[in-house]
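Structural overview for review
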Amino acid sequence: MSHLISVQLDALRVLLEDLVALGAELQEEADWTAACRASPGTALPGPVGDAAGTVVAGWTDVLAALAARCLAVAATLDAALSAYRAADEGLGDQLSRAWVPGVAVPR
Amino acid sequence: MTAPEQVAGWDVDLLRATVGARAGTPDRVTGWRVRVEAVGRRLGGAECWSGPAGEVAAEAVVELATVAARASAALSASLESLQVLTREAAVAQEEAARALAVAAAAGLVWDEHGRAAGLPVAPVSSMAPDQLGEVLARRVAAERAAAFANAFAEDAAAAGARALQAAEAAGEPLAGVRVPVGTAPTFAALAARWAPPGPVQPPAVPAVDPRAAASWWSALSAADQLAAVRGSPAEVGALDGLPAWARDQANRLVLAEALRRLPEGSAEHATAVAVAGRLAALEDDGRPGQLLQFDPAGDRVAVAVGDLDTADAVAVLVPGILTTAEDDLDDVLVDALAVAAAAGAGPAVAAVAWLGYRTPRVPSMASPQLARRGGVDLDRALDGLAAARGTPGTPPRPRTTVVAHSYGTVVTGEAVQAPGRIAADALVLLGSPGLTGGAAEDLEAGEVHGAWSVADPVSWVQWFGDSPMDQSFGDAPLPTELTQGHVEYLDPDRPTLAAIGEVVAGTRRPGEEPG
């Protein structure tokens, strides 16, 4: 493995919070669109209203799928962030156990 | 209920309100997508998360933004058809209502085929002559009314058919992601349709004006944008109107290629080396620059400090004669950093070292020729900065100040002369040898600030026209000191720099004394 691996955990936290906010924002748009789902059928009873209602339902589904994906990506980043922190703490524990306590480290 | 009766009962206002309420959704999705792209870029930046996991995460966000771009385009197309549906439904409803009114007035009814019926009895020969005339007249009137009613009903039916067609057309852009009734499409289904795996063909980069360039770019998906940067870096890097992040990425690719390909010892190679060195130094200082323009053959370079895509305030520094990227980019960037710092901690400031024109040497310094060419380029560059911040999802346009020095003020005057208003809120004219653009009130910007000094002979030669030294010029004077020389307006120990910072930040208004 020749990869340089670096991660700014605080910066990553900010980005995942941005994604959570973006996901919530689009979910709100999806919910608002869903509220209009029945309106075309009510406005134009018959095949025209039915077709228009299907379109509005399609809009809702697309918006909801995008919002869900955004939130899922954010959740994955959150899990990665936790994993990085846990891994670092675990390594810290391992190292501290491996070392003889009480030996002064010159600084 | 017959067809005309059903159509006459349509609640078109409800439909109009429903479609109208959704009219902003495609643009909102576009804006949303632009912000997702920005997250993706920051995520993919080495300063945030490098390594395989970071790359996968950045790719996931790019995929999300790409699908969102396609979704936005599909919703826009769908919306257009829904708007056609609304218009046709209104026509159908109106015609059907007329048909019903005409039929009702004539005492007609509607049969199961949607035709006016119930005509009065036809005259027969056994009727008395006076009765015959009356029956005939009533029959003829009813037949005419039925003909009108049926014509209106036919028009209503035709408009209703067009409405149905439009409703079906509104579903077509989403047809590829439709799933069985009762289930919702997953993101995977959307991605399979709108962001299929495999290499993305870079789109052709159009040679268009900044506003059209910005529109073109904002309509591209994230994957297409990245493909354009990688596939046509020279064109993307040079196209005014595109966001700074894209031009920076593209121009860095051009720069890397220039360093590899240009012969060492050539002027172009020396320019490339100088630019690469300055960018590296900025990064080492923790203030990465944006390479907005890189044209070593034309000796034209523009580097920004700060983020032009998000800044609240932008300063564009236009230097004067004998300025080259190879020798002077460093100094102009120092000035740019000084101006940004002088603007204070309030607004987020980006400052551009704009060496986007070929500056005169000593023999040509008295000629406005290079200023004319440079003015057109400066005008376009400013239009580009404004256009890049005028598309959905981008932060509001920044306050933009041109900080021009010496011959740079002549270039600025020529930029004002170019067609269209100059896309700057304020002009700062330092040590100006005069402008061809006229007095301050003719310079199109809302604010014109000037600085001159008795110790700066260039500021009172007036070679090219009026200058701030002339009391009738009408600018707002910036503070100077009696001993201030031609190259000392941006010196930190002179009072002019702090005042320029206030202009850039928007905290100093014309006529105000130094704050």
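Here is a short report on the structure shown in this document. Computed from a prediction, not measured in an experiment: that's the story for all the values here. (Residues numbered from 1 in each chain as written. Chains lettered and ligands numbered in written order. Predicted model: local features only at pLDDT ≥ 70, side-chain atom pairs only at ≥ 80, totals over all residues.)

As a further point, take the overall build of chain B. Across its full length, chain B holds 15 helices and eleven strands. Its C-alpha atoms give chain B a radius of gyration of 33 Å, more than 25% over the compact-globule value 24 Å for 515 residues. On the principal axes, the C-alpha backbone points of chain B span a range of 120 × 60 × 40 Å. Across chain B, contacts joining residues at least 24 apart in sequence account for 70% of those joining residues at least 6 apart. (Helix = DSSP H or I, 4+ residues; strand = E, 2+ residues; numbered from the N terminus. Rg over C-alpha atoms; globule rule 2.2 N^0.38 Å. Contact = placed C-beta atoms within 7 Å.)

In this section: the overall build of chain A. When helices and strands are counted, chain A shows three helices and one strand. Along the chain direction, N to C, the helices and strands of chain A fall in the order β-α-α-α. The proportion of buried residues among the 107 residues of chain A is 36%. Across chain A, contacts joining residues at least 24 apart in sequence account for 70% of those joining residues at least 6 apart. (Buried ≥ 20, exposed ≤ 12 C-beta atoms within 10 Å, placed from the backbone.)

Quick look at the sheet that holds strand β4 (residues 289–295) of chain B now. Residues and elements named next belong to chain B. Taking strand neighbours across the sheet as the criterion, the eight strands line up as β4-β5-β7-β6-β8-β9-β10-β11 in an open arrangement whose pairing is mixed. Edge positions in the open sheet fall to β4 and β11 (476–477), since each of these has one partner strand only. For strand β8 (residues 399–405) and strand β9 (residues 426–430), the ladder comprises five bridges, and the chain directions are parallel. In the strand pairing of β9, T401 is matched with A426. Contacting β4 and β5 (300–305), helix α10 (residues 244–261) crosses the sheet at an angle of about 55° to β4. Strands in contact with helix α14 (residues 407–417) are β6 (313–318), β8 and β9; relative to β8, the strand with the most contacts, it is inclined by about 130°. (Pairing = 2+ DSSP bridges. Axes fitted to C-alpha atoms, helices over the stretch in contact; angles between N-to-C directions.)

Counting 184 residues, the largest nonpolar core has A:L66, B:L317, B:V339, B:A351, B:V352 and B:A353 as the members making the most contacts within it. For this core, the element with the highest residue contribution is helix α4 (residues 52–105) of chain B, accounting for 22 residues. Among residues more than four places away in sequence, those in contact with B:A353 are B:A302, B:V303, B:L317, B:L329, B:V332, B:L333 and B:A336. (Core = buried A, V, L, I, M, F, W, Y, C linked by C-beta atoms within 7 Å.)

Quick look at the interface of chain A and chain B now. Every contact between the two is made by 43 residues of chain A and, on the other side, 52 residues of chain B. Broken down by element, the residue count for the side of chain A that touches chain B peaks at 19 residues, all from helix α3 (residues 47–98) of chain A. Tallied by class, the residues present in the side of chain A that touches chain B amount to 29 nonpolar, nine polar and five charged. Pairing between strand β1 (residues 6–7) of chain A and strand β1 (residues 49–50) of chain B: two bridges, direction antiparallel. When the sheet's bridge partners are listed, A:S6 is paired in β1(B) with B:S50. (Nonpolar A, V, L, I, M, F, W, Y, C, P; charged D, E, K, R; others polar.)

What follows covers α14(B). Side chains three or four residues apart in an α-helix point the same way, a direct result of the helix having 3.6 residues per turn. For α14(B), a buried count of ten out of eleven residues is recorded, marking the element as mostly surrounded by other parts of the structure. Among all positions of α14(B), only B:Y407, B:G408, B:T409, B:V410, B:V411, B:T412, B:G413, B:E414, B:A415 and B:V416 are buried.

This part is about unusual backbone geometry. Residues and elements named next belong to chain B. One non-glycine residue with positive phi stands out, namely D299, at about 50°. One can find D299 in the loop between β4 and β5. Even without glycine at this site, Q462 takes up a positive phi of about 50°. Along the chain, Q462 turns up in the loop between β10 (447–451) and β11.

Between α3(A) and α4(B), the least distance of the axes is 11 Å, while the angle of their chain directions is 165°. One finds that α3(A) runs roughly antiparallel with respect to α4(B). Of the two possible hands of crossing, α3(A) and α4(B) adopt the one that is left-handed. Of the residues belonging to the contact of α3(A) with α4(B), the class tally is 22 nonpolar, one polar and one charged. (Parallel < 35°, antiparallel > 145°, perpendicular 65-115°, else oblique. Left-handed = near helix turned anticlockwise from the far one by under 90°.)

Mapping A:R37 onto the fold places it in the loop between α1 (9–35) and α2 (39–43). Each C-alpha atom of the pair A:R37 and A:A52 lies 9.0 Å from the other, and the pair is 15 residues apart in sequence.

Here we take up the environment of A:L16. Residue and element names in this part refer to chain A. Turning to its location among the elements, L16 is positioned in helix α1. On the neighbour-count criterion, L16 (22 C-beta atoms within 10 Å) is buried. Once the C-alpha coordinates of L16 and D88 are considered, the two residues, 72 residues apart in sequence, prove to be 20 Å apart. With residues near it in sequence (within four places) discarded, L16 still touches A74, L77, D78 and L81.

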